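Observations on chain architecture
Letter by letter, the chains look like this.
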Amino acid sequence: MIPAPFDYARPATLDEALGLLAKHGDDAKLLAGGHSLLPAMKLRLAQPKMVIDIGRLPDLRFIRREDGRFAIGALTTHYDLESSAELKESCPLLPEVAASIGDVQVRNRGTIGGSLVHADPAADWPAAILALDAEMEIAGPQGRRTVKAADFFVDILQTAVGPGEILTAIRVPQTSARVAYEKFAQKASGFAICGVAVAEGRIGITGVAAKAYLAPSADRVVEGVDVMGDIHASAEFRAHLAGVLTRRALERASKRA
Ligand SMILES: Cc1cc2nc3c(=O)[nH]c(=O)nc-3n(C[C@H](O)[C@H](O)[C@H](O)COP(=O)(O)OP(=O)(O)OC[C@H]3O[C@@H](n4cnc5c(N)ncnc54)[C@H](O)[C@@H]3O)c2cc1C
(Lines give C-alpha, C1' and ligand atoms only; values in the text may rest on other atoms or scores of the structure.)
Protein backbone atom coordinates (compact mmCIF):
# COMPACT_ATOMS: atom_id res chain seq x y z
CA MET A 1 0.00 0.00 0.00
CA ILE A 2 2.91 2.39 -0.66
CA PRO A 3 2.74 4.55 -3.79
CA ALA A 4 5.49 4.51 -6.40
CA PRO A 5 7.95 7.42 -5.96
CA PHE A 6 6.74 10.78 -7.26
CA ASP A 7 7.68 14.46 -7.24
CA TYR A 8 5.34 16.97 -5.64
CA ALA A 9 4.52 20.59 -6.47
CA ARG A 10 2.09 22.97 -4.79
CA PRO A 11 1.30 25.84 -7.16
CA ALA A 12 0.04 29.09 -5.64
CA THR A 13 -2.22 30.05 -8.56
CA LEU A 14 -4.37 28.44 -11.24
CA ASP A 15 -2.03 29.74 -13.96
CA GLU A 16 0.93 28.16 -12.21
CA ALA A 17 -0.97 24.86 -12.00
CA LEU A 18 -1.81 25.01 -15.73
CA GLY A 19 1.87 25.75 -16.49
CA LEU A 20 3.00 22.72 -14.47
CA LEU A 21 0.43 20.52 -16.24
CA ALA A 22 1.68 21.72 -19.63
CA LYS A 23 5.29 21.09 -18.62
CA HIS A 24 4.82 17.58 -17.22
CA GLY A 25 2.11 16.32 -19.60
CA ASP A 26 1.07 12.68 -19.11
CA ASP A 27 3.56 12.29 -16.23
CA ALA A 28 1.48 14.62 -14.03
CA LYS A 29 -1.70 14.20 -11.99
CA LEU A 30 -3.64 16.89 -10.16
CA LEU A 31 -4.33 16.30 -6.47
CA ALA A 32 -7.48 17.90 -4.98
CA GLY A 33 -8.92 16.16 -1.88
CA GLY A 34 -6.92 13.02 -2.62
CA HIS A 35 -9.73 10.61 -1.74
CA SER A 36 -9.74 8.94 -5.14
CA LEU A 37 -6.20 9.62 -6.37
CA LEU A 38 -4.30 8.54 -3.24
CA PRO A 39 -6.01 5.13 -2.94
CA ALA A 40 -5.33 4.59 -6.66
CA MET A 41 -1.67 5.51 -6.15
CA LYS A 42 -1.35 3.23 -3.13
CA LEU A 43 -2.75 0.37 -5.20
CA ARG A 44 -0.40 1.47 -8.02
CA LEU A 45 -3.34 1.81 -10.37
CA ALA A 46 -2.04 5.36 -10.85
CA GLN A 47 1.69 6.07 -10.90
CA PRO A 48 2.16 9.76 -11.70
CA LYS A 49 5.77 10.98 -11.72
CA MET A 50 4.59 14.45 -10.67
CA VAL A 51 1.71 15.22 -8.30
CA ILE A 52 0.43 18.79 -8.65
CA ASP A 53 -1.41 19.69 -5.45
CA ILE A 54 -4.16 22.20 -6.27
CA GLY A 55 -6.04 21.34 -3.07
CA ARG A 56 -5.36 24.64 -1.37
CA LEU A 57 -5.85 27.06 -4.27
CA PRO A 58 -8.15 29.56 -2.52
CA ASP A 59 -9.75 30.90 -5.72
CA LEU A 60 -11.34 27.53 -6.57
CA ARG A 61 -13.19 26.99 -3.28
CA PHE A 62 -16.40 29.02 -3.15
CA ILE A 63 -20.20 28.96 -3.29
CA ARG A 64 -21.66 32.20 -4.66
CA ARG A 65 -24.74 33.54 -6.41
CA GLU A 66 -24.13 34.68 -9.96
CA ASP A 67 -26.82 35.90 -12.40
CA GLY A 68 -29.62 33.96 -10.70
CA ARG A 69 -27.54 30.79 -10.47
CA PHE A 70 -25.04 29.30 -8.04
CA ALA A 71 -21.40 29.10 -9.03
CA ILE A 72 -19.46 26.46 -7.11
CA GLY A 73 -15.68 26.26 -7.18
CA ALA A 74 -14.25 22.88 -8.15
CA LEU A 75 -12.34 22.64 -4.86
CA THR A 76 -15.45 23.11 -2.73
CA THR A 77 -15.62 20.13 -0.40
CA HIS A 78 -18.55 17.79 0.01
CA TYR A 79 -18.88 19.16 3.56
CA ASP A 80 -18.96 22.79 2.34
CA LEU A 81 -21.90 21.83 0.11
CA GLU A 82 -23.62 19.74 2.78
CA SER A 83 -23.52 22.58 5.31
CA SER A 84 -24.27 25.63 3.13
CA ALA A 85 -27.33 27.48 4.45
CA GLU A 86 -27.73 29.26 1.10
CA LEU A 87 -27.84 25.98 -0.80
CA LYS A 88 -30.22 24.38 1.70
CA GLU A 89 -32.56 27.27 1.02
CA SER A 90 -32.19 27.70 -2.75
CA CYS A 91 -30.66 24.51 -4.18
CA PRO A 92 -31.32 21.75 -1.60
CA LEU A 93 -30.48 18.90 -3.95
CA LEU A 94 -26.76 19.63 -3.54
CA PRO A 95 -26.66 19.46 0.30
CA GLU A 96 -28.84 16.34 0.16
CA VAL A 97 -26.44 14.58 -2.21
CA ALA A 98 -23.35 15.78 -0.32
CA ALA A 99 -24.68 14.42 2.99
CA SER A 100 -24.99 10.95 1.45
CA ILE A 101 -21.33 10.70 0.39
CA GLY A 102 -18.99 8.32 2.25
CA ASP A 103 -18.25 9.35 5.83
CA VAL A 104 -17.22 12.54 7.65
CA GLN A 105 -13.54 12.23 6.69
CA VAL A 106 -14.35 11.74 3.01
CA ARG A 107 -16.75 14.68 3.03
CA ASN A 108 -14.24 16.93 4.79
CA ARG A 109 -11.47 16.32 2.25
CA GLY A 110 -13.17 15.25 -0.99
CA THR A 111 -14.13 17.93 -3.51
CA ILE A 112 -17.00 18.16 -5.96
CA GLY A 113 -14.55 18.87 -8.79
CA GLY A 114 -12.36 15.88 -7.95
CA SER A 115 -15.37 13.61 -7.85
CA LEU A 116 -16.77 14.88 -11.17
CA VAL A 117 -13.46 14.63 -13.04
CA HIS A 118 -12.69 11.21 -11.55
CA ALA A 119 -16.10 10.10 -12.92
CA ASP A 120 -16.40 6.92 -10.89
CA PRO A 121 -19.52 5.16 -12.23
CA ALA A 122 -20.77 4.83 -8.62
CA ALA A 123 -20.15 8.47 -7.59
CA ASP A 124 -23.11 10.50 -6.36
CA TRP A 125 -22.47 13.98 -7.82
CA PRO A 126 -22.91 13.07 -11.50
CA ALA A 127 -26.61 12.20 -11.01
CA ALA A 128 -27.32 15.59 -9.42
CA ILE A 129 -25.23 17.56 -11.89
CA LEU A 130 -27.13 15.96 -14.79
CA ALA A 131 -30.55 16.47 -13.19
CA LEU A 132 -29.75 20.13 -12.51
CA ASP A 133 -28.59 20.64 -16.11
CA ALA A 134 -25.37 22.18 -14.77
CA GLU A 135 -22.63 23.87 -16.73
CA MET A 136 -19.00 23.05 -16.13
CA GLU A 137 -16.23 25.62 -16.54
CA ILE A 138 -12.90 24.23 -17.66
CA ALA A 139 -9.61 26.15 -17.84
CA GLY A 140 -6.78 25.18 -20.18
CA PRO A 141 -3.86 26.58 -22.11
CA GLN A 142 -6.28 28.22 -24.58
CA GLY A 143 -8.39 29.90 -21.89
CA ARG A 144 -11.75 28.90 -20.45
CA ARG A 145 -14.59 26.91 -22.00
CA THR A 146 -17.99 25.74 -20.80
CA VAL A 147 -19.42 22.23 -21.19
CA LYS A 148 -23.00 21.16 -20.43
CA ALA A 149 -23.34 18.38 -17.87
CA ALA A 150 -24.99 16.17 -20.51
CA ASP A 151 -21.76 16.33 -22.57
CA PHE A 152 -19.36 16.11 -19.61
CA PHE A 153 -19.35 12.38 -18.80
CA VAL A 154 -17.73 10.53 -21.68
CA ASP A 155 -17.16 6.98 -20.39
CA ILE A 156 -16.03 5.12 -17.29
CA LEU A 157 -13.50 7.40 -15.51
CA GLN A 158 -13.48 9.74 -18.55
CA THR A 159 -14.85 13.24 -18.88
CA ALA A 160 -14.66 16.19 -21.24
CA VAL A 161 -11.76 17.58 -19.20
CA GLY A 162 -8.78 17.06 -21.50
CA PRO A 163 -5.06 16.66 -20.78
CA GLY A 164 -3.67 19.99 -19.58
CA GLU A 165 -7.07 21.22 -18.38
CA ILE A 166 -8.53 21.92 -14.94
CA LEU A 167 -12.20 21.95 -13.97
CA THR A 168 -12.65 25.30 -12.22
CA ALA A 169 -16.37 25.74 -11.48
CA ILE A 170 -19.83 24.22 -11.74
CA ARG A 171 -22.89 26.41 -12.34
CA VAL A 172 -26.34 25.24 -11.29
CA PRO A 173 -29.76 26.91 -11.29
CA GLN A 174 -31.45 27.96 -8.06
CA THR A 175 -34.01 25.17 -7.82
CA SER A 176 -35.63 24.65 -4.45
CA ALA A 177 -38.77 22.78 -5.53
CA ARG A 178 -39.29 19.35 -7.09
CA VAL A 179 -35.84 17.94 -6.23
CA ALA A 180 -34.76 14.77 -4.41
CA TYR A 181 -31.95 12.20 -4.31
CA GLU A 182 -32.52 8.52 -3.57
CA LYS A 183 -29.65 6.08 -3.26
CA PHE A 184 -29.12 2.41 -2.58
CA ALA A 185 -25.62 2.53 -1.12
CA GLN A 186 -22.82 0.03 -0.95
CA LYS A 187 -22.69 -0.48 2.83
CA ALA A 188 -18.93 -0.25 3.36
CA SER A 189 -18.12 2.84 1.27
CA GLY A 190 -21.41 4.62 0.71
CA PHE A 191 -20.88 4.62 -3.08
CA ALA A 192 -24.09 4.29 -5.10
CA ILE A 193 -25.10 0.85 -6.31
CA CYS A 194 -27.84 2.98 -7.80
CA GLY A 195 -28.49 6.69 -7.22
CA VAL A 196 -31.31 8.74 -8.73
CA ALA A 197 -31.46 12.54 -8.61
CA VAL A 198 -34.51 14.40 -9.88
CA ALA A 199 -34.86 18.12 -10.52
CA GLU A 200 -37.69 19.79 -12.40
CA GLY A 201 -38.65 16.43 -13.98
CA ARG A 202 -35.13 15.62 -15.18
CA ILE A 203 -33.84 12.24 -13.94
CA GLY A 204 -30.07 11.74 -13.46
CA ILE A 205 -28.95 8.18 -12.75
CA THR A 206 -25.62 6.97 -11.37
CA GLY A 207 -24.23 3.58 -10.38
CA VAL A 208 -26.09 1.68 -13.08
CA ALA A 209 -23.91 2.07 -16.17
CA ALA A 210 -20.30 2.90 -17.04
CA LYS A 211 -21.21 6.57 -16.86
CA ALA A 212 -24.04 8.53 -15.27
CA TYR A 213 -26.86 9.45 -17.64
CA LEU A 214 -30.18 11.26 -18.01
CA ALA A 215 -33.15 8.90 -18.30
CA PRO A 216 -35.60 9.81 -21.07
CA SER A 217 -38.61 9.31 -18.76
CA ALA A 218 -39.66 7.71 -15.47
CA ASP A 219 -40.88 4.52 -17.13
CA ARG A 220 -37.82 4.12 -19.39
CA VAL A 221 -34.99 4.51 -16.86
CA VAL A 222 -32.66 1.86 -18.32
CA GLU A 223 -33.75 2.04 -21.95
CA GLY A 224 -30.73 1.80 -24.26
CA VAL A 225 -28.39 1.49 -21.27
CA ASP A 226 -25.79 -1.26 -20.84
CA VAL A 227 -26.59 -2.04 -17.18
CA MET A 228 -23.59 -3.17 -15.10
CA GLY A 229 -23.47 -6.32 -12.99
CA ASP A 230 -20.72 -6.92 -10.40
CA ILE A 231 -20.07 -8.42 -6.95
CA HIS A 232 -22.35 -5.81 -5.35
CA ALA A 233 -25.44 -6.23 -7.54
CA SER A 234 -26.52 -8.05 -10.68
CA ALA A 235 -27.55 -6.08 -13.76
CA GLU A 236 -31.13 -7.23 -13.20
CA PHE A 237 -31.17 -5.94 -9.62
CA ARG A 238 -29.62 -2.59 -10.64
CA ALA A 239 -32.25 -2.13 -13.34
CA HIS A 240 -34.95 -2.88 -10.76
CA LEU A 241 -33.40 -0.39 -8.31
CA ALA A 242 -33.32 2.32 -10.99
CA GLY A 243 -37.09 2.02 -11.42
CA VAL A 244 -37.88 1.88 -7.70
CA LEU A 245 -35.57 4.76 -6.72
CA THR A 246 -36.86 6.92 -9.58
CA ARG A 247 -40.41 6.45 -8.36
CA ARG A 248 -39.40 7.28 -4.77
CA ALA A 249 -37.40 10.33 -5.82
CA LEU A 250 -40.23 11.68 -7.96
CA GLU A 251 -42.74 11.14 -5.14
CA ARG A 252 -40.57 12.95 -2.61
CA ALA A 253 -39.75 15.73 -5.09
CA SER A 254 -43.44 16.30 -5.80
CA LYS A 255 -44.13 16.74 -2.07
CA ARG A 256 -41.43 19.44 -1.96
CA ALA A 257 -43.01 21.43 -4.80
C1 LIG B 1 -13.75 5.46 1.92
C2 LIG B 1 -14.31 6.30 0.78
C3 LIG B 1 -15.69 6.37 0.61
C4 LIG B 1 -16.21 7.13 -0.44
N5 LIG B 1 -17.57 7.17 -0.59
C6 LIG B 1 -18.09 7.88 -1.61
C7 LIG B 1 -19.50 7.95 -1.81
O8 LIG B 1 -20.32 7.41 -1.05
N9 LIG B 1 -19.96 8.64 -2.88
C10 LIG B 1 -19.10 9.30 -3.74
O11 LIG B 1 -19.58 9.91 -4.69
N12 LIG B 1 -17.78 9.28 -3.56
C13 LIG B 1 -17.24 8.59 -2.52
N14 LIG B 1 -15.89 8.58 -2.35
C15 LIG B 1 -15.02 9.33 -3.28
C16 LIG B 1 -14.86 10.77 -2.77
O17 LIG B 1 -16.07 11.47 -2.97
C18 LIG B 1 -13.71 11.52 -3.46
O19 LIG B 1 -13.47 12.64 -2.69
C20 LIG B 1 -13.93 11.98 -4.86
O21 LIG B 1 -14.24 10.92 -5.71
C22 LIG B 1 -12.68 12.63 -5.46
O23 LIG B 1 -12.52 13.92 -5.00
P24 LIG B 1 -11.11 14.40 -4.49
O25 LIG B 1 -11.22 15.87 -4.29
O26 LIG B 1 -10.70 13.58 -3.33
O27 LIG B 1 -10.20 14.16 -5.78
P28 LIG B 1 -8.72 13.54 -5.95
O29 LIG B 1 -8.66 12.18 -5.41
O30 LIG B 1 -7.72 14.52 -5.46
O31 LIG B 1 -8.67 13.51 -7.56
C32 LIG B 1 -9.46 12.61 -8.29
C33 LIG B 1 -9.10 12.71 -9.78
O34 LIG B 1 -9.59 13.94 -10.33
C35 LIG B 1 -8.52 14.76 -10.84
N36 LIG B 1 -8.87 16.12 -10.43
C37 LIG B 1 -9.18 16.54 -9.17
N38 LIG B 1 -9.61 17.81 -9.19
C39 LIG B 1 -9.55 18.23 -10.49
C40 LIG B 1 -9.88 19.45 -11.16
N41 LIG B 1 -10.37 20.51 -10.51
N42 LIG B 1 -9.70 19.52 -12.52
C43 LIG B 1 -9.22 18.45 -13.20
N44 LIG B 1 -8.90 17.26 -12.62
C45 LIG B 1 -9.08 17.15 -11.27
C46 LIG B 1 -7.25 14.21 -10.17
O47 LIG B 1 -6.11 14.41 -10.98
C48 LIG B 1 -7.60 12.73 -10.06
O49 LIG B 1 -7.37 12.07 -11.28
C50 LIG B 1 -15.34 7.84 -1.31
C51 LIG B 1 -13.95 7.77 -1.13
C52 LIG B 1 -13.43 7.01 -0.09
C53 LIG B 1 -11.94 6.97 0.11
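For the structure itself, look to the data block above.
Analysis parameters
- Residues numbered from 1 in each chain as written.
- Predicted model: local features only at pLDDT ≥ 70, side-chain atom pairs only at ≥ 80, totals over all residues.
- Heavy atoms only, no water.
- Near = heavy atom within 4 Å.
- Polar contact = N/O pair within 3.5 Å; in protein donor to acceptor, adjacent residues only side chain to side chain.
- Areas by Shrake-Rupley, 256 points an atom, 1.4 Å probe, with all protein chains shown as cover.
- Helix = DSSP H or I, 4+ residues; strand = E, 2+ residues; numbered from the N terminus.
- Nonpolar A, V, L, I, M, F, W, Y, C, P; charged D, E, K, R; others polar.
- 1 Å grid on protein atoms, 1.4 Å probe; cavity = no way out; pocket = protein on both sides within 12 Å on 5 of 7 lines; lining within 4 Å.
- Points joined across faces, edges and corners; volume = space filled by probe spheres on them.
- Buried < 20%, exposed > 50% of the residue type's maximum accessible area, 1.4 Å probe, protein only.
- Arc of directions from axis to C-beta.
- Contact = heavy atoms within 4.5 Å.
- Pairing = 2+ DSSP bridges.
- Axes fitted to C-alpha atoms, helices over the stretch in contact; angles between N-to-C directions.

1. Details of the site of the ligand
With respect to spatial proximity, 29 residues lie near the ligand, and among them Leu-30, Ala-32, Leu-37, Thr-111 and Asp-124 are the closest. The separation between an oxygen atom of the ligand and a polar main-chain atom of His-35 is 2.7 Å. Burial of the ligand by the protein chains amounts to 90% of its free accessible area of 970 Å². Secondary-structure elements contributing two or more residues to the shell around the ligand are β2 (28-31), α7 (112-118) and β10 (166-173). For the shell around the ligand, the element with the most residues is α7, which contributes four residues. A breakdown of the residues in the shell around the ligand according to their chemical character gives 13 nonpolar, 13 polar and three charged.

2. Looking at empty space enclosed by the protein
On inspection of all chains with the given rule, the structure shows one cavity of 30 Å³ or more. The calculated volume of the largest cavity comes to roughly 50 Å³. For the largest cavity, the full set of lining residues is Ala-119, Asp-120, Pro-121, Pro-126, Phe-153, Asp-155, Thr-206, Ala-210, Lys-211 and Ala-212. Residue classes in the lining of the largest cavity are distributed as six nonpolar, one polar and three charged.

3. Considerations on helix α1 (residues 14-24)
Inspection of α1 places Leu-14, Ala-17, Leu-18, Leu-20 and Leu-21 among the buried residues, and these make up the whole buried set. Projected onto a plane normal to the axis of α1, the buried residues spread over an arc of 160° and lie on a single side. Across from the buried face of α1, at angles greater than 90 degrees, the exposed residues are Asp-15, Ala-22 and Lys-23. On its buried face, α1 sits against β1 (7-9), β2, β3 (50-53), β6 (135-140), β7 (143-148) and β10. Where α1 terminates, the next one or two residues include Gly-25, which has phi positive at roughly 50°.

4. Considerations on the sheet that holds β1
One open sheet holds the three strands; their spatial order is β1-β3-β2, and the pairing between them is parallel. Both outer strands of the open sheet, β1 and β2, are each paired with one neighbouring strand and no more. Between one strand and the next, the sheet's axes are offset by a mean angle of 25°, whatever the strand orientation. Where β1 meets β3, three bridges bridge the pair, whose relative direction is parallel.

5. Structural notes on the layout of surface pockets
As a volume, the second largest pocket reaches approximately 310 Å³. The wall of the second largest pocket is formed by 14 residues, among which Asp-120, Ala-122, Phe-191, Asp-230 and His-232 lie closest to the centre. Of the residues assigned to the lining of the second largest pocket, the class counts are eight nonpolar, three polar and three charged.

6. Some details on the environment of Leu-37
When you line up the elements, Leu-37 lands in helix α2 (residues 37-42). Residue classification places Leu-37 among the buried positions, given a relative accessible area of 13%. C-alpha of Leu-37 to C-alpha of Lys-183: the two residues are 146 residues apart in sequence and 24 Å apart in space.

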